[in-house]
Amino acid sequence: MGQYEEQVEVVEAEVISDGSQSSEKDYWRKQLKEELRAELREDYHHQLCKGVLSALGKSYNLGMMIAVVVSFSIHHSILWAIIHGLLGWFYVIYKILFGY
């Protein structure tokens, strides 16, 4: 008796069919396809956001490196290089617009 004492979950579902087995299979296939499409859309959206954030992070790092190099070459100060590195692209664009 111990092996049959597990609880059984009962799932209710609305089945729209004409009573034949093939129409019931078609209904469940359509349901599964819709669920899979929804999961794929969600996964695609997640991967897209992850890729965009990765690209933005790399771009920020590049701006930081350029700002540090430009700042140190102009001011010869590590403190100013750190401050301008934190500003990143803002400092680089400022130097491009208003010159060395």
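Every chain is numbered independently, its residues counted from 1 as its sequence is written. Selection of residues for local features in this predicted model requires a pLDDT of at least 70, selection of side-chain atom pairs for listing and counting requires 80 or more, and totals for whole chains, interfaces and linings are taken over all residues. With hydrogens and water stripped out, all remaining heavy atoms of the structure feed into the side-chain values.

### A look at the overall build of the protein
We count it as follows: Numbering of helices and strands runs from the N terminus, with a helix taken as a DSSP run of H or I at least four residues long and a strand as a DSSP run of E at least two residues long. To sort residues, take the accessible area from a 1.4 Å probe on protein chains only and compare it with the maximum for the residue type: under 20% means buried, over 50% means exposed, and anything in between is partly exposed. Two residues qualify as a contact provided that any one of their heavy atoms is within 4.5 Å of a heavy atom in the partner residue. Each accessible area is a Shrake-Rupley result for a 1.4 Å probe, and residues are judged covered by the shown protein chains and nothing else.
When its secondary structure is counted, the protein shows three helices and zero strands. Element order for the protein, N to C, with α for helix and β for strand: α-α-α. Split into buried and exposed, the 100 residues of the protein put 14% on the buried side. Restricting to contacts in the protein with at least 6 residues of sequence separation, those with at least 24 account for 36%. Accessible surface, the protein: about 9100 Å² in total, of which carbon and sulfur atoms supply 63%.

### Points about the environment of His 75
Following the sequence through the fold, His 75 ends up in helix H1 (residues 21-75). By relative accessible area, which is 37% here, His 75 ends up partly exposed. Setting aside its immediate chain neighbours within four residues, His 75 contacts Trp 80, His 84 and Tyr 91.

### Observations concerning the packing of aromatic side chains
This is how the line gets drawn: Two rings from Phe, Tyr or Trp (for Trp, the six-membered ring) form a pair when their centres sit within 6.5 Å of each other. Planes less than 30 degrees apart are called stacked, planes more than 60 degrees apart edge-to-face, and all others tilted.
Scanning the entire structure with this criterion turns up two aromatic pairs. With 5.2 Å between their ring centres and 75 degrees between their planes, Tyr 27 and Trp 28 make a pair best called edge-to-face. Looking at Trp 28, the relative accessible area reads 38%, which means it is partly exposed. Judged by centre distance (5.1 Å) and plane angle (45 degrees), the rings of Tyr 94 and Phe 98 are tilted. Of this pair, Tyr 94 and Phe 98 both sit in helix H3 (residues 89-98), four residues apart, which is roughly one turn of the helix.

### Focus: unusual backbone geometry
With the exception of glycine, most residues fall at negative phi, and the peptide bonds are largely trans. Phi at His 76 takes a positive value of approximately 55 degrees, unusual for a residue other than glycine. Mapped onto the elements, His 76 comes out in the loop between H1 and helix H2 (78-87).

### Notes on a negative patch on the surface
For clarity, the cut-off: Surface patches are drawn from residues lacking salt bridges whose relative accessible area is over 30%; two like charges belong together within 9 Å, two nonpolar side chains (Val, Leu, Ile, Met, Phe, Trp, Tyr) within 5 Å. One speaks of a salt bridge when a side-chain nitrogen belonging to Lys or Arg is within 4 Å of a carboxyl oxygen belonging to Asp or Glu. Think of it this way: Lys and Arg go in the positive column, Asp and Glu in the negative one, and His and the chain ends go nowhere. Lys charges are placed at NZ, Arg charges at CZ, Asp charges at CG and Glu charges at CD.
Where like charges cluster on the molecular surface, the negative patch consists of Glu 34, Glu 35, Glu 39, Glu 42 and Asp 43. Turning to its location among the elements, Glu 35 is positioned in helix H1.

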